[in-house]
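Chain residues, written in single-letter form:
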Amino acid sequence: MENRELNIPELSLVVLVGISGSGKSTFAKRLFKETEVISSDRCRALVSDNENDQSATTDAFELVHYIAAKRLKNGLLTVIDATNVQSDSRKPLVALAKKYHCLPVAIVLDVPEKECQLRNESRDDRNFGNHVVRQQRSQLRRSIKSLKREGFRHIHVLKSVEEIDAVSNIKRDSLYNDKKHESGPFDIVGDVHGCFLELKELLKKLTYQIEDVDYSNETFGYRVTHPEGRRVVFVGDLVDRGPDSPAVLKLVMSMVNSGVAFCVPGNHDMKLQKYLNGKNVQIKHGLEKTVEQLLHESDDFKYQVREFLYGLVSHYIFDNGRLVVAHAGLKEEMQGRGSGAVRSFCMYGETTGEIDEFGLPVRYNWASEYRGRAKVVYGHTPVPEAEWLNNTIDIDTGCVFGGKLTALRYPEQELVAVQAQQVYSEPARPLEINQFTKSQQQEYDDLLDIAEVTGKRIVSTRLRNNVTLPEENSVAALEAMSRFAINPKWMIYLPPTMSPSETSELEHYLEHPHEALKYFRSQGVQKVVCEEKHMGSRAIVIVCKNADVTRERFGIDNGEIGACYTRTGRAFFNDKTLEMAFLDRVQKALNQSGFWDRFKTDWVCLDTELMPWSAKAQALLKDQYAAVGAAASASLDVVIQELNIALDRNLEGVEQLLQNYGQKQEMITDFVEAYRNYCWPVKGLDGYKLAPFHILATEGHVYSDKDHQWHMENIKQMCEVDPEFMIATPYQVIDLNEEDQLSSVVEWWTELTNKGGEGMVIKPYDFITHGKKGLVQPAVKCRGKEYLRIIYGPEYSTSENMNTLKNRGLGRKRSLALREFALGIESLERFVNKEPLRRVHECVFGVLALESEMVDPRL
């Protein structure tokens, strides 16, 4: 026989049906992946160590069903290899497919009884009598007739050994809703409800070109194109209630037929389809208007409408699973699946069975519990304004009720709308503009769920795939956040730790630029940016254009215009008045520099260094550094005084002791002088200095796509308007292949550190750089000799201590820096993309959690 191909849905539960000896296992092994096949014999062996132990059958099939359920839950095709000749054995499998919204498929191997008996006789493990095969054969003959009635949507019956052997391939057909290969860009349009003029206005606002052409069955009078190749996705409810449903249908059908649009069905569309198909439906809720309008249309047009609506698919999955469009929305477990329950949810949502005071069904707010990765865009329920909630958005803004017709541009996530020209239909439930200051998402984010940040967690990031957070680290992060952090709604980012350069090969240096530059060159980096490292405290500064922006974008309604917090999420200023004065001054600098207009934003998040160091580290200075300096200075003065007396008495060995303690005194003097370089008095806001070095994010943009020179130059513009307060960081761009530039930057570092400066930070020229071994360190710090004395202690520079320190390991610190960097960028991107606060905080908590890892804090 010629080779044959069997077609099955790519996500399905395939039930092999055949008597013992019909070759089901051989068939499955030949045509399916090993992991796809669940064998009842294998499961029987797993629970009893004997695949022929019939007493273990119940346990074996419990295991079959359990494994099948897990695979179907994860969207994996599954094959059941068992006799399955009885309807009772197939019934739970059909129910399982229905539960996970996938299609049951039956492949029947109808091999002659005699052939099966011969095969069984040749196998030592098949010692049952021929009467068993005969009984199974009888059950099989009855089964073939009832498979469709049982719920199998695809049935393949192979009636001989030759037919079975002729099957050379199983072709897995994508479901109609699978448009993952279509990545856009799209313009997703909300419920039209016959508002033809508004639809045309909206399409033109989206720069679509609409031409009237001679009527034909394919164009229906319109040709629509877009100069940039964008396409429209309609969320359904094209008809009813509005003034011209036929014109809307003609326009949408022409767009779909020409490939410039997709469309999913709404409940009103399907009701019209049933009416046109002769079904008995109630002519109300706006259908009466459509029916009246269709009286003026030809029978041919009505036939085309009926066929068009019948062919609409319940929902679509676009952009590799990142976007779902359904009329009434769709829960994650139903996305990309096909069942009656899925279709019903797509068109009606989920109701409680109750009726509200307006006579409308009460619906479950499925979006409030949504946790899916895909963005879900839907309509069905009219809302005054389209708002994101847990990665979902309802764009039915009630055009037919006098509201707006709204489109969501994807992937830009920009909302574009036109106002209804009039109220065409009075809504049963008033469409009132909610004057409440918070959005749905902000209301939902008022209460964060502790379960979302505790336990072992695996966070997916764009830059570094998965980052694992151990349970004990998550507990430490929760402790820090709950006890010390600022309002969580400000915490959209925490900066990563920074790794130092490798240990210097030079005798008197622990760190030196040679090693930092060598690291980047070894990663294949051609160009770096070297920035002076300010000795201050790391501070994240968020500033809004005004308090209205704070309320609308961050959901904080207390008159604040921003926040300044440390890298552990604590408020930088304990004095709220001082913090407000600080933020007001930064805001004025942004205003005067034209920042808001230049960046087309009304808020900004900056990564900065805030000086003096003493302003935030007062307790550290007083209790540790100053205490060490004062105690050592006082005691060493006494020791040296006594040693000088002993030296005058010519005691043996005193001269060497005096020399040793003299060196100690010099080192403690250097220690005190070193930390004093970074301390100066402040009074109110006077004395503070702010050195921004990253423009992290503004509305709609995370600036990780800009190089560090871009950041330095744009920051310089805002600093120039208030140089007494804001410092533009000195920097150099270095080509790593130019020896004279390398020498120059080493000289610069030496000059900085000799004057008491901390050192410099060396970064790859591009904000995000991938090298020979993956993601390159975003920054490497190279600190001066005297600054390291503060970190490691006054006597760190002695030869014995230096030898010990030169054996320090950087592996864990560098791994930590990369993981925290990936989480930080991820949190910003999620916030800018208007994802729920829990998704942003998943990454913010992650940075805090990683900070509790056992890594030497002096590195």
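It should be emphasised that the depicted structure is a prediction, and the values quoted were computed from it without experimental measurement.

Thoughts on the environment of L657
Then, number 1: Along the chain, L657 turns up in helix α22 (residues 654-676).
Then, number 2: Separated by 518 residues in the primary sequence, L657 and Q139 place their C-alpha atoms 103 Å from one another.

Section: the side chain of S12
Then, number 1: Inspection of the secondary structure assignment puts S12 in strand β2 (residues 12-17).
Then, number 2: A polar contact is formed between the side chain of S12 and the backbone oxygen of P9, at a distance of 2.9 Å.
Then, number 3: Aside from chain neighbours lying at most four places away, what touches S12 is L72, L77, T78, C102, L103 and V105.

Examining the sheet that holds strand β31 (residues 701-702)
Then, number 1: Reading across from one edge, β28-β27-β29-β30-β31 is the order of the five strands in this open sheet, with antiparallel pairing throughout. Each end of this open sheet is capped by a strand with a single partner; those strands are β28 (562-565) and β31.
Then, number 2: Bridge analysis of strand β30 (residues 689-698) against β31 gives two bridges, and the strand direction is antiparallel. Across the sheet, the residue bridging to T698 is H701, located in β31.
Then, number 3: Packing against the sheet, helix α17 (residues 547-554) makes contact with β27 (537-544), β28 and β29 (603-611), and its axis sits at approximately 100 degrees to β27.

Digging into the sheet that holds strand β26 (residues 527-533)
Then, number 1: A sheet is described by the order of its strands in space; here five strands give the open sequence β25-β36-β33-β26-β32, paired in mixed fashion. Each edge of the open sheet is held by one strand with a lone partner, namely β25 (499-500) and β32 (731-735).
Then, number 2: Sheet analysis places β26 next to β32, joined by five bridges and oriented antiparallel. Paired with E531 across the bridge in β32 is Y731.

Concerning the packing of aromatic side chains
Then, number 1: One pass over the full model with this rule turns up 26 aromatic pairs.
Then, number 2: Each ring, one from F345 and one from W366, has its centre 6.2 Å from the other, and the planes form 75 degrees; the classification is edge-to-face. In this pair, F345 is assigned in helix α13 (residues 340-348) and W366 in the loop between β17 (361-363) and β18 (375-378), connecting sequence segments 21 residues apart. Across the pair, W366 and F345 agree in class, each one buried.
Then, number 3: Ring centres of Y509 and W749 lie 6.1 Å apart, and the angle between their planes is 50 degrees; this geometry places the pair in the tilted category. With a gap of 240 residues between them, Y509 in the loop between β25 and α16 (513-522) and W749 in helix α24 (residues 739-754) connect regions that are remote in the sequence.
Then, number 4: In this structure W749 comes out as buried when scored by relative accessible area, which is 1%.
Then, number 5: By the ring-pair criterion, three or more aromatic residues cluster together here, those being F572, F573, F582, Y688 and F725.
Then, number 6: Stacked on the ring of F301, the Lys or Arg K250 has its end atom at 5.3 Å from the ring centre.

Points about the side chain of R44
Then, number 1: Here R44 is to be found in helix α2 (residues 40-48).
Then, number 2: Within polar-contact distance, the side chain of R44 engages the side chain of D41 at 2.9 Å.

A closer look at the packing of helix α3 (residues 57-73) against helix α4 (residues 87-99)
Then, number 1: The geometry of α3 relative to α4 is characterised by a closest axis approach of 10 Å and an angle of 20 degrees between their N-to-C directions. Between α3 and α4, the angle falls in the class roughly parallel. Classified by chirality, the crossing of α4 by α3 is right-handed. On α4, the residues that touch H65, A68, A69 and L72 of α3 are P92, L93, L96 and A97.
Then, number 2: Split by residue class, the contact of α3 with α4 holds seven nonpolar, one polar and no charged.

Let's talk about helix α28 (residues 837-850)
Then, number 1: A rise of 1.5 Å per residue sets the reference length of α28, with its 14 residues, at 20 Å; its end C-alpha atoms lie 20 Å apart and thus fit the reference within 8%.
Then, number 2: For α28, the buried fraction is high: 13 of the 14 residues fall into the buried class.

Considerations on the pattern of salt bridges
Then, number 1: Tallied over the entire structure, the rule returns 47 salt bridges.
Then, number 2: A salt bridge links E113 to R134, with the shortest nitrogen-to-oxygen separation between them at 3.6 Å. Of this pair, E113 sits in helix α5 (residues 113-121) while R134 sits in helix α6 (residues 130-150); the two residues are 21 residues apart in sequence, bridging distant segments of the chain.
Then, number 3: Relative accessible area serves as the criterion here: at 22%, E113 is assigned to the partly exposed category.
Then, number 4: Where R230 meets D187, a salt bridge forms, and the shortest distance between an N and an O atom there is 3.1 Å. With a gap of 43 residues between them, R230 in the loop between β11 (222-225) and β12 (231-234) and D187 in strand β9 (residues 186-189) connect regions that are remote in the sequence.
Then, number 5: A residue is classified by how much of its surface remains accessible, and R230, at 3% relative accessible area, is buried.
Then, number 6: What emerges from the salt-bridge pattern is a single network uniting R457, E826, R830, E835, R839 and E842.

A look at the packing of helix α8 (residues 196-205) against helix α9 (residues 245-257)
Then, number 1: Two elements in contact, α8 and α9, have axes separated by 9 Å at closest approach and are oriented at 35 degrees. The interaxial crossing formed by α8 with α9 has left-handed handedness. Contacts between α8 and α9 involve F196, L199, K200 and L203 on the former and, on the latter, A247, V248, L251, V252 and M255.
Then, number 2: Of the residues that constitute the contact of α8 with α9, the class distribution is eight nonpolar, no polar and one charged.

Overview of the nonpolar core
Then, number 1: One finds V189, L199, F234, L238, L251, M255 and L272 to be the most contacted residues of the largest nonpolar core, which totals 48 residues.
Then, number 2: The element that contributes the greatest number of residues to this core is α9, accounting for seven residues.
Then, number 3: Those residues in contact with L272 that sit more than four places away from it in its chain are V239, L249, L287, T290, L294, V305 and L309.
Then, number 4: Formed by 46 residues, the second largest nonpolar core is a distinct cluster that contains L11, V108, C116 and V133.

With respect to the pairing of strand β36 (residues 780-783)
Then, number 1: By the alternation rule, side chains of β36 split into V780 and C782 and K781 and R783, which are all buried.
Then, number 2: Looking at chain direction, β25 and β36 are connected through two bridges and run parallel. Bridging across to β36, S499 finds its partner in V780.
Then, number 3: Sheet topology places strand β33 (residues 759-764) next to β36; four bridges connect them, and they run antiparallel. Paired with I762 across the bridge in β36 is V780.

Procedures and definitions
- Residues numbered from 1 in each chain as written.
- Predicted model: local features only at pLDDT ≥ 70, side-chain atom pairs only at ≥ 80, totals over all residues.
- Heavy atoms only, no water.
- Helix = DSSP H or I, 4+ residues; strand = E, 2+ residues; numbered from the N terminus.
- Polar contact = N/O pair within 3.5 Å; in protein donor to acceptor, adjacent residues only side chain to side chain.
- Contact = heavy atoms within 4.5 Å.
- Pairing = 2+ DSSP bridges.
- Axes fitted to C-alpha atoms, helices over the stretch in contact; angles between N-to-C directions.
- Phe/Tyr/Trp six-rings, centres within 6.5 Å; stacked < 30°, edge-to-face > 60°.
- Buried < 20%, exposed > 50% of the residue type's maximum accessible area, 1.4 Å probe, protein only.
- Lys NZ or Arg CZ within 6 Å of the ring centre and 35° of its normal.
- Parallel < 35°, antiparallel > 145°, perpendicular 65-115°, else oblique.
- Left-handed = near helix turned anticlockwise from the far one by under 90°.
- Nonpolar A, V, L, I, M, F, W, Y, C, P; charged D, E, K, R; others polar.
- Expected span 1.5 Å × (residues − 1).
- Salt bridge = Lys/Arg side-chain N within 4 Å of Asp/Glu carboxyl O.
- Core = buried A, V, L, I, M, F, W, Y, C linked by side-chain atoms within 4.5 Å.

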